Amino acid sequence: MPEARFDETIHAPVRLRICGLLHPADHLDFAVLRDTLEVSDATLSKHLKTLAAAGYVSSSKSASEGRGDARRITWLSLTKPGRSAFAAHVRALQQIAGSSAGISTFDQ
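To keep things clear, this report deals only with the structure shown in the data block. (Residues numbered from 1 in each chain as written. Predicted model: local features only at pLDDT ≥ 70, side-chain atom pairs only at ≥ 80, totals over all residues. Heavy atoms only, no water.)

1. Overview of the overall build of the protein
So, point 1. The secondary structure content of the protein amounts to five helices and three strands.
So, point 2. In the protein, the succession of helices and strands from N to C terminus is α-α-β-α-α-β-β-α.
So, point 3. Here the protein holds 108 residues, and the buried ones make up 35% of them. (Helix = DSSP H or I, 4+ residues; strand = E, 2+ residues; numbered from the N terminus. Buried < 20%, exposed > 50% of the residue type's maximum accessible area, 1.4 Å probe, protein only.)

Right, here's the structure in full:
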């Protein structure tokens, strides 16, 4: 379990929420993530690019089953370093809030 570490890359509100949504999932569809966060494609893409540059998020594309056109689905997931950094960041926030003993932590 990584020790608590505040991470400026993750801490931005939209990026923190992205990591929070991706953490319990193997992967999420770009559109589902966008709609859940209620942000534009451009906003989500910008934040995903920052997380990907840090090595925290990966993406893959696959054909959309059930569609007659050539559109592809973009799947997003936290990488192992991303999961570790998110868990460490959450622990740091718990320490800052003075509640590390009373709130369950994120295990990897």
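2. Side note on the environment of Tyr56
So, point 1. As for its position among the elements, Tyr56 is in the loop between α4 (41–53) and β2 (57–63).
So, point 2. With a relative accessible area of 11%, Tyr56 lands in the buried category.
So, point 3. Put simply, Tyr56 and Thr9 are 47 residues apart on the chain and 9.5 Å apart in space, counted from C-alpha to C-alpha.

3. Observations regarding the nonpolar core
So, point 1. With 19 residues, the main nonpolar core has Ile18, Leu44, Leu48 and Val57 as its most contacted residues.
So, point 2. Mapped by element, the contributors of at least two residues to this core are α2 (13–22), α3 (30–37), α4, β3 (72–78) and α5 (80–97).
So, point 3. Contact partners of Ile18, with chain neighbours within four places excluded, come to Leu33, Leu37, Leu44, His47, Leu48 and Leu51. (Core = buried A, V, L, I, M, F, W, Y, C linked by side-chain atoms within 4.5 Å. Contact = heavy atoms within 4.5 Å.)

4. Overview of the pairing of β3
So, point 1. Among the seven residues in β3, five count as buried, and that is most of the element.
So, point 2. One ladder, built from two bridges, connects strand β1 (residues 28–29) with β3; its direction is antiparallel. Bridge assignment links Asp29 to a residue of β3, and that residue is Trp75.
So, point 3. Both β2 and β3 contribute to a ladder of seven bridges, which runs antiparallel. Within β3, the residue paired with Ser58 across the bridge is Ser77. (Pairing = 2+ DSSP bridges.)

5. Examining the sheet that holds β2
So, point 1. The antiparallel open sheet is built from three strands, whose spatial order is β1-β3-β2. Each edge of the open sheet is held by one strand with a lone partner, namely β1 and β2.

6. What to know about α4
So, point 1. When the terminal C-alpha atoms of α4 are compared, their 18 Å separation across 13 residues agrees well with the 18 Å that a helix rising 1.5 Å per residue should span.
So, point 2. Tucked inside the fold, the buried residues of α4 contact α1 (8–11), α2, α3, β2 and β3.
So, point 3. Trailing α4 by a residue or two, Gly55 shows a phi angle of about 85°, which is positive. (Expected span 1.5 Å × (residues − 1).)

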